[in-house]
Amino acid sequence: MQSENRLFGDAAKILTGAAGTIAGAAREAEAGVRDRAREFIGGLDFVSREEFEAVKAMAVAARDENDALRARIEKLEAAAVPKV
């Protein structure tokens, strides 16, 4: 009976070791895939979220300035045209 328990214990140790090895290999594979995906995406000229948000803010500011300048021009043109 003691030899059966030892057999199960040895089998459990082997399976535990194999599970750890498989988990480590899976982590390494995932890291490798992640690195290759970053390299691939980096070569496609994608922009980061921070860059996108910065350009978006610049566009909003430019649009606001454009609207203010348009209103100013319309006011100046209205003042320059003599009323008959």
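For the structure itself, look to the data block above.
Residues numbered from 1 in each chain as written. Predicted model: local features only at pLDDT ≥ 70, side-chain atom pairs only at ≥ 80, totals over all residues. Heavy atoms only, no water.

1. Re the overall build of the protein chain
Now for step 1: Check the secondary structure of the protein chain and you find two helices and zero strands.
Now for step 2: Against the 2.2 N^0.38 benchmark of 12 Å for 84 residues, the protein chain shows a C-alpha radius of gyration of 34 Å, more extended than a compact globule.
Now for step 3: Taking the principal axes of the C-alpha coordinates as reference, the protein chain spans close to 115 × 25 × 15 Å.
Now for step 4: Within the protein chain, the proportion of its 84 residues that are buried is 1%.
Now for step 5: Summing over all exposed atoms, the protein chain offers an accessible surface of approximately 8,000 Å²; the carbon and sulfur share of this is 63%. (Helix = DSSP H or I, 4+ residues; strand = E, 2+ residues; numbered from the N terminus. Rg over C-alpha atoms; globule rule 2.2 N^0.38 Å. Buried < 20%, exposed > 50% of the residue type's maximum accessible area, 1.4 Å probe, protein only. Areas by Shrake-Rupley, 256 points an atom, 1.4 Å probe, with all protein chains shown as cover.)

2. Focus: the pattern of salt bridges
Now for step 1: Counted by the stated rule, this structure contains four salt bridges.
Now for step 2: Arg38 is the salt-bridge partner of Asp35, the closest N and O atoms lying 3.7 Å from each other. With Asp35 and Arg38 both in helix α1 (residues 2-42) and three residues apart, this pair spans about one turn of that helix.
Now for step 3: Looking at Asp35, the relative accessible area reads 40%, which means it is partly exposed.
Now for step 4: The class for Arg38 is exposed, based on a relative accessible area of 55%. (Salt bridge = Lys/Arg side-chain N within 4 Å of Asp/Glu carboxyl O.)

3. Digging into a nonpolar patch on the surface
Now for step 1: Residues Phe40, Ile41, Leu44 and Phe46 make up a contiguous nonpolar surface patch of about 440 Å² in total accessible area.
Now for step 2: Topologically, Leu44 is positioned in the loop between α1 and α2 (49-80).
Now for step 3: Take Leu44: its relative accessible area is 42%, and that puts it in the partly exposed class. (Patch = residues over 30% accessible without salt bridge, like charges linked within 9 Å, V, L, I, M, F, W, Y side chains within 5 Å.)

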